[in-house]
Amino acid sequence: MKNKKTNFIPVIGLLLLVSWAPGKQKNIGVNKGQYNLVEQSGGATLGYSPKSGVQLIKSGKYYFKDLNRNGKLDKYEDWRLPFEERARDLASRLSYDEIAGLMLYSAHQQIPAPAQGYGASTYNGKSFAESGAQASDLSDVQKQFLKNDHLRAVLVTKVKSPETAAIWSNNLQAYVEGLDHGIPANNSSDPRHETTANAEYNYGAGGEISQWPSSLGMAATFDPSLVKEFGRIGAKEYRALGITTALSPQVDIASEPRWARFSGTFGEGYKLSIAMAKAYIDGFQTSEGKDEIADGWGRASVVAMVKHWPGCGPEEAGRDSHYAYGKYAVYPGNNLKGMLKPFVEGAFQLDGPTRCAGAIMPSYPIAFNQNTGGVASSYSKVLITDMLRHQYHFDGVVCTDWMITADNADVPAFDGKCWGVEHLSVPERHYMILKAGVDQFGGNNDKGPVLEAFQMGIREYGKAVWDKRIRESARRLLLPMFRTGLFENPYLDPAETKAVVGNKDFMKAGYDAQVKSIVMLKNHNHVLPLKGNRLKVYIPQRHFPSVVDFFGNVMKDYWADPVEKSLVSKYYDIVSNPEEADFAIVFMQEPVSGTGYDVKDRDKGSNGYVPISLQYNDYTAVYGRATSISGGDPHESFTNRSYKGKTVKTANKDDLLSVLETKRKMGSKPVIVALAATRPVIVSEFEKSADAVLVSFGTSNQPFLDLISGRNEPSGLLPCQFPVDMKTVEEQKEDVPRDMIPYIDSDGHTYDYAFGMNWSGVINDSRVQKYK
């Protein structure tokens, strides 16, 4: 093992506390408030809480943390030893309660916790507002699962501020440092660098942190070096927040255009997805210079949990598997092997020194008719042990997606996702997952079902065999904490956190990436850029429709300006009368047509299944399958999930009407469309009424204005096909990427994969040549 030297830095004016016990120092180091810091020339920097009861042991000229408080330097406490040796030593010492706790991954935690709703908790039995607690205090729920359930993997979502997150993380680490074997907490986050938070899988987004385009937006840059730089910056910000595992990247091939999680992917291209996966993970996982401990891992590393094995993209008709109506992935093109490429050729074959992603998350859905047991991926021994572990030699952490062991109350319910094992009890589900080869249970704070599963394993396999099995999982689960240096120093300086997270340089890098991600689809007669002294612009108000969000909340509709007037005024003069305007910009969102399931349809006596449309006008599924490929659920008395012949309305049809009406009002003057999309869009309904079309994938509004005004030049390329119509959408195969007929616009340009324009015309650079 290679150890990097750390120079001792004398600190003046802070208290140095040393006990008199020979060989064992109770309180040594610089008092940093919540913790003491010990910097050692040529050795590891140690951080520990005087309140935890942990003392220091001196061996030779170095200090070590006596984490289990036994007065001896155990192997797992010796930072000079290799990660693997330390992890195996600690795994051998743990009780079954502690191993069960390592296998838990908390439900989503907000800081501070709300009084009700998603992630609710109390503080000393009272709501946060009534308790007098600090936002950085541990909630009652957190103390319960940390102490009683021995949980050490905490999923962090919304935080009050970066400083609050740092102080909370310190409180958390001090709390667990004094428990059991002093195992630190491995805090994690779903993607939080996007511009908005609208679902549980990006619930921390939109806060005080650098803001970048979505993964699909980063794919639109066709630039893996940009994604690697994002990984480096993201890792710095995560570590400053106390986060050491990223529940990302999502490397699923986006082969189904209607899928709600399309925007979390790197698009439809195999080559690009592989390159982006490598760049993203290398950026997050690699420590360099003084931060490196060994093998590229170290104090700047964030473990990447790649998802969703073996590929979550081919959801039938685009219905998402967070719900029972989307519980099946289908393979009409027999292309399961293609779905594996970003994992086995990307995440498992990194260019950087860490060599392989540290963790992986299996997908929710059942791989229909793929000989994987007829169960969701985490329950499938074929997918986890036979394929992932044995065939592809993955020895990192395998953690289920969230709530897959809980019961499901109804097909449209957002609760448990126990697809294929609804008939089993909760402990039996845990046991089947462990037998499949999985290490950890996402969204489970309770050790009880895990301990029951252990007893089932002992009864079936015998104590010796089962003990070996679960200690292997314990070893894997401990490795990320050793690799990221948490056992030596998990503590943060809140002032440094404030300086790092969302600093101006990181914000600028994120904004520049947003600009680069926007694709110009049309520029008729080179109407853009629109430069000049105070040109006048007309921007119609936008109707924000009433929709049901990811969590089932109904959002009230309203009319409002689609972009802040103060922002637009930095570029142009705003006029309310189209006749006075030199040009118009219409801001619009992709068609919003629902989830593919409608309770009202079910209440009328039908099966509840309806189309997902990518067009604005009402859509009738003339070309839908008469018989669905997959189907079947304990809550349903049928297996045919067909929606053929049914009609769905798009909630935001007013976006389309706004373009058409603005063109009518503007006459021959330019109309520019700024389209915000998360997946492919059928643009034929408005393209002819637009002189220029720009499309973003998860950005703010300002990049549109930078491009329209010519402050920057468009360079993005489509990371997916834009289809000609819904017929080609219905007839494409869910597991085959890039198999639709693309739209050809009125200028003769084909909106195919890797299409995009700059001021000179259609882009045909090295990116297009390499990845198309």
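Residues numbered from 1 in each chain as written. Predicted model: local features only at pLDDT ≥ 70, side-chain atom pairs only at ≥ 80, totals over all residues. Heavy atoms only, no water.

Per an unreviewed UniProt entry, the protein chain goes by the name beta-glucosidase and belongs to Segatella cerevisiae. Quoted straight from UniProt, the Sequence similarities (unreviewed entry) entry for the protein chain says "Belongs to the glycosyl hydrolase 3 family." Under the heading Catalytic activity (unreviewed entry), UniProt records this for the protein chain: "Hydrolysis of terminal, non-reducing beta-D-glucosyl residues with release of beta-D-glucose." (UniProt positions renumbered as here; feature names shortened; annotations may be inferred.)

(A) Structural detail: unusual backbone geometry. Of the consecutive residues Ile111 and Pro112, the connecting peptide bond is found in the cis state with omega at 0°. Across the junction of Lys307 and His308, the peptide omega takes the value 5°, indicating a cis bond. Among the structural elements, His308 can be located in strand β14 (residues 303–309). Even without glycine at this site, Asp180 takes up a positive phi of about 50°. Mapped onto the fold, Asp180 is located in the loop between α5 (162–177) and β10 (186–189). The phi dihedral of Asn369 falls on the positive side, at around 55°, and the residue is not glycine. Structurally, Asn369 is set in the loop between β17 (366–367) and α11 (381–391). (Helix = DSSP H or I, 4+ residues; strand = E, 2+ residues; numbered from the N terminus.)

(B) Highlighting the sheet that holds strand β16 (residues 359–362). The 7 strands lie next to each other as β8-β9-β10-β11-β14-β16-β18, forming an open sheet whose pairing is parallel. If you trace the sheet from one side to the other, it starts and ends with β8 (109–111) and β18 (397–398), each paired once. As defined by bridge partners, β10 adjoins strand β11 (residues 245–246) across 2 bridges and the pair is classed as parallel. Opposite Ser188, over in β11, you have Thr245 as the bridge partner. (Pairing = 2+ DSSP bridges.)

(C) A look at the environment of Gly624. Within the fold, Gly624 resides in the loop between β28 (619–620) and β29 (647–648). Those residues within four positions of Gly624 in sequence are excluded, and the remaining contacts are Tyr643, Lys644 and Glu730. (Contact = heavy atoms within 4.5 Å.)

(D) A look at helix α13 (residues 448–461). Taking 1.5 Å as the rise per residue, α13 with 14 residues should run 20 Å; its terminal C-alpha atoms sit 20 Å apart, in good agreement. Within α13 the residues assigned to the buried category are Pro449, Val450, Ala453, Phe454, Met456, Gly457 and Ile458. In this structure, the buried residues of α13 make contact with α2 (96–102), β7 (104–105), α12 (426–436), β19 (441–442) and α14 (463–483). Gly462 sits one or two positions beyond α13 and adopts a positive phi of about 95°. (Expected span 1.5 Å × (residues − 1). Buried < 20%, exposed > 50% of the residue type's maximum accessible area, 1.4 Å probe, protein only.)

(E) Structural view of the pattern of salt bridges. Inspection of every chain in the model, using the stated rule, returns 45 salt bridges. Taking the shortest distance from any N to any O, the salt bridge between Asp351 and Lys278 comes out at 3.7 Å. You can see Asp351 sitting in the loop between α10 (341–347) and β16 and its partner Lys278 sitting in helix α8 (residues 270–285), a full 73 residues away along the chain. Two residues, Asp410 and Arg602, come together in a salt bridge whose shortest N-O distance is 3.1 Å. Here Arg602 lies in helix α18 (residues 599–603) and Asp410 lies in the loop between β18 and α12, a separation of 192 residues in the sequence. Judged by its relative accessible area of 23%, Asp410 falls in the partly exposed class. (Salt bridge = Lys/Arg side-chain N within 4 Å of Asp/Glu carboxyl O.)

(F) Examining α14 more closely. Its 21 residues give α14 an end-to-end C-alpha distance of 30 Å, which sits within 8% of 30 Å, the value for a rise of 1.5 Å per residue. Looking one or two places after α14, you find Gly485, whose phi comes out positive at around 75°.

(G) Layout of the sheet that holds strand β2 (residues 30–31). One open sheet accounts for 3 strands, arranged β2-β3-β4; its pairing is antiparallel. Every interior strand has two partners, whereas the edge strands, β2 and β4 (46–48), have only one. For strand β3 (residues 36–38) and β4, the ladder comprises 3 bridges, and the chain directions are antiparallel. Across the sheet, the residue bridging to Val38 is Leu46, located in β4.

(H) Examining the side chain of Thr405 more closely. With respect to the helices, strands and loops of the structure, Thr405 is situated in the loop between β18 and α12. For Thr405, a relative accessible area of 10% gives the class buried. Setting aside residues no more than four positions away along its own chain, Thr405 makes contact with Tyr379, Val426, Arg429, His430, Ile433 and Phe441.

(I) Summary view of the pairing of β10. Where burial is concerned, the two faces of β10 agree: the one with Asn186 and Ser188 and the one with Asn187 and Ser189 are both buried. Bridge count for strand β9 (residues 153–159) against β10 is 3 bridges, and the pairing is parallel. Within the sheet, the bridge partner assigned to Ala153 lies in β10 and is Asn186. Tracing the backbone out of β9, into α5 and back to the parallel element β10 gives a crossover that is right-handed. (Right-handed = clockwise from strand over helix to strand, strands pointing away.)

(J) Examining the packing of helix α7 (residues 224–240) against helix α16 (residues 504–517) more closely. Between α7 and α16, whose axes approach to 11 Å, the crossing angle comes to 150°. Where α7 crosses over α16, the handedness of that crossing is left-handed. Listed contacts from α16 to Leu226, Ile233, Lys236 and Glu237 of α7 are Phe506, Ala509, Ala513 and Lys516. Class assignment of the residues belonging to the contact of α7 with α16 gives a composition of 5 nonpolar, no polar and 3 charged. (Axes fitted to C-alpha atoms, helices over the stretch in contact; angles between N-to-C directions. Left-handed = near helix turned anticlockwise from the far one by under 90°. Nonpolar A, V, L, I, M, F, W, Y, C, P; charged D, E, K, R; others polar.)

(K) Spotlight on the packing of aromatic side chains. This structure, assessed with the given rule, holds 34 aromatic pairs. Here the aromatic cluster, defined as three or more aromatic residues joined through ring pairs, consists of Trp212, Phe230, Tyr238, Phe266, Tyr280 and Phe284. Over the aromatic face of Tyr270 sits the side chain of Lys341, whose NZ or CZ is 5.7 Å from the ring centroid. Across from the ring centre of Tyr623, 5.2 Å away, lies the NZ or CZ of Lys727, which sits over that ring. (Phe/Tyr/Trp six-rings, centres within 6.5 Å; stacked < 30°, edge-to-face > 60°. Lys NZ or Arg CZ within 6 Å of the ring centre and 35° of its normal.)

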